[in-house]
Amino acid sequence: MLKKIFKIIVFIATILVALYIYLLSDYNPMFKKDDYVYLTKSLDNTKAEDLEPIIALYNKIHENESKGCSCEAVLKLVNSYNYGSLLKKAVYISKIKKEYGEDTCLKLELLNYDFCFRTIGIHNACQFYFHKTVGELNEKEKLTIVAMISNSALFNPIKNKKRVENKILMYQKILHQDKRK
């Protein structure tokens, strides 16, 4: 009896592993749809962008907390939550994480994020708020961009200057706590 149960468990586990491998493989027809192809081309195009200082700051600030996955956020760019099912959404997110990683997704999110005042993308935001390019930003300005990623209306340096300053102070404490130890 125990042998039979063990065989059934092994058989079911094998089927589930095979199904998982198939779902994330290139043979899965859902990865040939136009919206997914557009997303992967967009992710490929982000590789040329140099946003590493912003991404490094973002990751350092959020390393000890559960942050939302940027891979899920970039799905909104192509499909606005029209996934059909939670399984399909989970498969898309798993495939994107596996193929590109969260940093590439964050980079694409930065390039397409709405920073308020009809300012789309980090390059436009840097010009609009600081009159600089991304590479010219100082630490405080980079931290402002990082704060705006979480909520651009709430942490807007034009509308909520005091709130942004408080958030930047909190981020600076997080960044420089390792140096004090």
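Keep in mind that what you see is a predicted model, and the values were worked out from it rather than measured.

The next point concerns the pattern of salt bridges. All told, the structure shown has 8 salt bridges when counted by the stated rule. Residues Glu 99 and Lys 95 are paired through a salt bridge, measuring 3.6 Å at the closest nitrogen-oxygen approach. Note that Glu 99 and Lys 95 are positioned in helix 5 (residues 86-99) at a spacing of 4 residues, about one turn of the helix. A relative accessible area of 3% means that Lys 95 is categorised as buried. A salt bridge links Glu 141 to Lys 132; its shortest N-O distance comes to 3.0 Å. Among the charged side chains, a salt-bridge network with shared partners connects Asp 26, Lys 95 and Glu 99.

With that out of the way, let us pick up the environment of Thr 14. Relative to the helices and strands, Thr 14 resides in helix 1 (residues 2-23). We classify Thr 14 as partly exposed; its relative accessible area is 48%.

Mean pLDDT over the chain: 88, with 92% of residues reaching 70 or higher. Across the chain, the secondary-structure element scoring lowest on mean pLDDT is helix 4 (residues 70-79), at 76, and the one scoring highest is helix 7 (residues 122-130), at 96.

Across its 12 residues, helix 2 (residues 34-45) extends 16 Å between first and last C-alpha, which sits within 8% of the 16 Å expected from 1.5 Å per residue. Those residues of helix 2 lying buried are Asp 35, Tyr 36, Leu 39, Thr 40, Ser 42 and Leu 43. Viewed along the axis of helix 2, the buried residues span an arc of 160°, placing them on a single side of the element. Projecting away from the buried face of helix 2 at angles above 90 degrees are the exposed residues Asp 34, Tyr 38, Lys 41 and Asn 45.

The next subject is helix 7. Where helix 7 is concerned, the buried positions are Ile 122, Ala 125, Cys 126, Tyr 129 and Phe 130. Buried residues of helix 7 fall within an arc of 100° about the axis and therefore sit on the same side. For helix 7, the secondary structure elements touched by its buried residues are helix 3 (52-61), helix 6 (102-112) and helix 8 (139-150). Backbone geometry just downstream of helix 7 places His 131 in the positive-phi region, at approximately 55°.

This next bit is on the nonpolar core. Judged by nonpolar contacts, the single largest core of 29 residues is most densely connected at Ile 54, Leu 110, Phe 115, Ile 122 and Ile 145. Residue assignment for this core shows that the elements contributing at least two residues are helix 3, helix 6, helix 7, helix 8 and helix 9 (161-180). Examining the composition of this core, we find that 6 residues originate from one element, helix 8, more than from any other. In this structure, Ile 145 is in contact with Ile 54, Phe 115, Ile 122, Ala 125, Cys 126, Phe 130 and Leu 137, ignoring residues within four places of it in sequence. One finds Leu 23, Leu 24, Phe 31 and Leu 108 within the second-largest nonpolar core, a separate group that totals 18 residues.

Conventions we followed
Residues numbered from 1 in each chain as written. Predicted model: local features only at pLDDT ≥ 70, side-chain atom pairs only at ≥ 80, totals over all residues. Heavy atoms only, no water. Salt bridge = Lys/Arg side-chain N within 4 Å of Asp/Glu carboxyl O. Helix = DSSP H or I, 4+ residues; strand = E, 2+ residues; numbered from the N terminus. Buried < 20%, exposed > 50% of the residue type's maximum accessible area, 1.4 Å probe, protein only. pLDDT = per-residue confidence, 0-100. Expected span 1.5 Å × (residues − 1). Arc of directions from axis to C-beta. Contact = heavy atoms within 4.5 Å. Core = buried A, V, L, I, M, F, W, Y, C linked by side-chain atoms within 4.5 Å.

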